[in-house]
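The primary structure of each chain is shown beneath.
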Amino acid sequence: MNRRAALGLGTVATAGTVFGAAVPAAADPGRVAPAAGAGAGGNPRRIAARIGAAYRRESGRAGGNWQAYVSLAGPAGGDPLEAVSESADRRIEAYSVNKIAVAVAVLDKVDRGLLTLDQQVEVTAGIIVPGGDGMFSLDGAYPSLVTLGHVLANLLTVSDDTAVRLCGLVCPAAELNQILVAKGFPNTQVQPVANPNRFFLGTSTPRETHDLLRALVGGALLSPASTEVVLRMLRSPVAFTDGIRRDMSSAERARIATKAGWFADARHEAGVIFDAAGAPLVTYALFADGQAGADDFGATHPAVQARARLGRRFLTLTAGLGGAGTAHRAHLHRPSNGG
């Protein structure tokens, strides 16, 4: 029986009940998350409706096709509230958003003692994705050896494409898919190719990506240490900033764990917004394609601009609310001048 069947995760409401149990590393075990709706934030149900209205306005303005699922922490720590559901169960190409799922599978093997973050993998000239996103293709000097931790950092922050192939060296496609199915995510699957250690990033659904993120922050997917690895990377200053996190201060960006995916005419992003104390507040999976500007992979693409406006709006609407569940404190990042 898989995780979803065992826990009855057919609805977001059930998921919210289960996922608040674990306490990951860097969480505050002594902190009780404030009840959603505390303070001057207003009625969470009304705010969820306003989040939905903002989504409809911005997705309509951007045009194209949207598939999305967004939830807000419920009142008094209760079940999460559905704010957006549009084609939420449509299985679509997730592109680099599925790098979160790849990292989860690799770290599952770390948790089981089959891999270690300090073990090294070889970066050969043949494994480089020519012209791909990230930094490995910029090195120009191969072979080199890097740790698995370094691979995951590049996978989840700068969305390095070669890092996907490096993960495949230690977690082949068939095994990766089996791990995700066992964890209850049969639609979040990479696409195998002839080489068993390589794969395309495959598919997911908005709801399943949303549920994977909620399971992650709730401690239901990985050990506390491995959960912290993923969240620290997705919340880091070098993680994606063109979309949800664009119009924010550095402190506000540190409250958001996010991962974008872009290919052809698709522009996707999924993540979690935490409250000021680190409890999960908003979980979003926003998948978009078919907008104008398919050759524009920058911040001026219509769907990316829409997500930037939504990110700012999400923070404004939820400013007086508290999240629910395990708190994950942001890490302090200090700029350095070398030396």
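Throughout what follows, the structure given in this document is the object of discussion. Please read all numbers here as calculations on a predicted model, not as lab measurements.

## A closer look at the packing of helix α5 (residues 148-156) against helix α9 (residues 224-234)
Point 1. Running from N to C, α5 and α9 point in directions that differ by 45 degrees, and their axes come no closer than 9 Å. The pairing of α5 with α9 is recorded here as oblique in orientation. Considering how the two elements wind past one another, α5 and α9 form a crossing that is right-handed. The segment α5 lies against α9, with G149, L152, A153 and L156 engaging V230, M233 and L234.
Point 2. Considered class by class, the residues forming the contact of α5 with α9 number six nonpolar, one polar and no charged.

## Here's the deal with unusual backbone geometry
Residues other than glycine predominantly adopt negative phi, and peptide bonds predominantly adopt the trans conformation.
Point 1. Across the junction of Y142 and P143, the peptide omega takes the value 0 degrees, indicating a cis bond.
Point 2. Its place among the elements puts P143 in the loop between β4 (120-123) and β5 (144-147).
Point 3. Its identity as a non-glycine residue notwithstanding, Y95 has a phi of 55 degrees, on the positive side.
Point 4. Here Y95 is to be found in the loop between β3 (92-93) and α4 (99-111).
Point 5. For S159, which is not glycine, the phi torsion reads 55 degrees and is therefore positive.

## Brief notes about α4
Point 1. Here α4 spans 18 Å end to end across 13 residues, near enough to the 18 Å set by a 1.5 Å rise per residue.
Point 2. The buried fraction of α4 amounts to 12 of the 13 residues, a majority that puts the element mostly inside the structure.
Point 3. Every buried residue of α4 is accounted for by K99, I100, A101, V102, A103, V104, A105, V106, L107, D108, K109 and V110.
Point 4. Within two residues after α4, G113 carries a phi angle of roughly 80 degrees, on the positive side.

## Here we look at the state of the cysteines
Point 1. Throughout the structure, instances matching the rule amount to zero disulfides.
Point 2. In this structure C167 is not part of a disulfide, and its nearest cysteine sulfur, from C171, lies 8.1 Å away.
Point 3. The exposure class of C167 is buried, given its relative accessible area of 1%.

## Brief notes about the pattern of salt bridges
Point 1. Scanning all chains against the criterion turns up nine salt bridges.
Point 2. Across the pair D89 and R207 runs a salt bridge whose closest N-O atoms are separated by 2.7 Å. Of the two residues, D89 is situated in the loop between β2 (81-86) and β3 and R207 in helix α8 (residues 206-217); the sequence distance between them amounts to 118 residues.
Point 3. For R207, a relative accessible area of 19% puts it in the buried group.
Point 4. Measuring nitrogen to oxygen at the nearest pair gives 3.1 Å for the salt bridge that ties K109 to E175. Linking K109 in helix α4 with E175 in helix α7 (residues 173-182), this pair joins segments that are 66 residues apart in sequence.
Point 5. The exposure class of K109 is buried, given its relative accessible area of 8%.
Point 6. On the accessibility criterion, E175 (24% relative accessible area) is partly exposed.
Point 7. It is possible to trace a salt-bridge network through shared partners that takes in E58, R61 and R309.

## Quick notes on the pairing of strand β10 (residues 280-289)
Point 1. Counting buried residues in β10 gives nine out of 10 residues, a clear majority hidden from the surface.
Point 2. Pairing between strand β9 (residues 266-274) and β10: nine bridges, direction antiparallel. Bridging from a neighbouring strand, A270 pairs with A285 of β10.
Point 3. What sits between the antiparallel neighbours β9 and β10 is a turn of five residues, in which G278 has the positive phi angle 100 degrees.

## Structural notes on the sheet that holds strand β7 (residues 199-204)
Point 1. Read from one edge of the open sheet, three strands run β3-β7-β6, paired in antiparallel fashion. The outermost strands of the open sheet, each flanked by one partner alone, are β3 and β6 (189-192).
Point 2. Two strands pair when backbone bridges link them, and β3 and β7 are joined in this way by two bridges, in the antiparallel orientation. When the sheet's bridge partners are listed, I92 is paired in β7 with S204.

## Regarding α7
Point 1. Every buried residue belonging to α7 is among A173, L176, N177, I179 and L180, and all of these are buried. One side of α7 carries all its buried residues, which in axial view fall inside an arc of 155 degrees. What points out from α7, more than 90 degrees from its buried face, is the exposed set A174, Q178 and A182.
Point 2. Of the surrounding secondary structure, the elements contacted by the buried residues of α7 are α4, β6 and β7.

Rules and cut-offs
Residues numbered from 1 in each chain as written. Predicted model: local features only at pLDDT ≥ 70, side-chain atom pairs only at ≥ 80, totals over all residues. Heavy atoms only, no water. Axes fitted to C-alpha atoms, helices over the stretch in contact; angles between N-to-C directions. Helix = DSSP H or I, 4+ residues; strand = E, 2+ residues; numbered from the N terminus. Parallel < 35°, antiparallel > 145°, perpendicular 65-115°, else oblique. Left-handed = near helix turned anticlockwise from the far one by under 90°. Contact = heavy atoms within 4.5 Å. Nonpolar A, V, L, I, M, F, W, Y, C, P; charged D, E, K, R; others polar. Expected span 1.5 Å × (residues − 1). Buried < 20%, exposed > 50% of the residue type's maximum accessible area, 1.4 Å probe, protein only. Disulfide = S-S within 2.5 Å. Salt bridge = Lys/Arg side-chain N within 4 Å of Asp/Glu carboxyl O. Pairing = 2+ DSSP bridges. Arc of directions from axis to C-beta.

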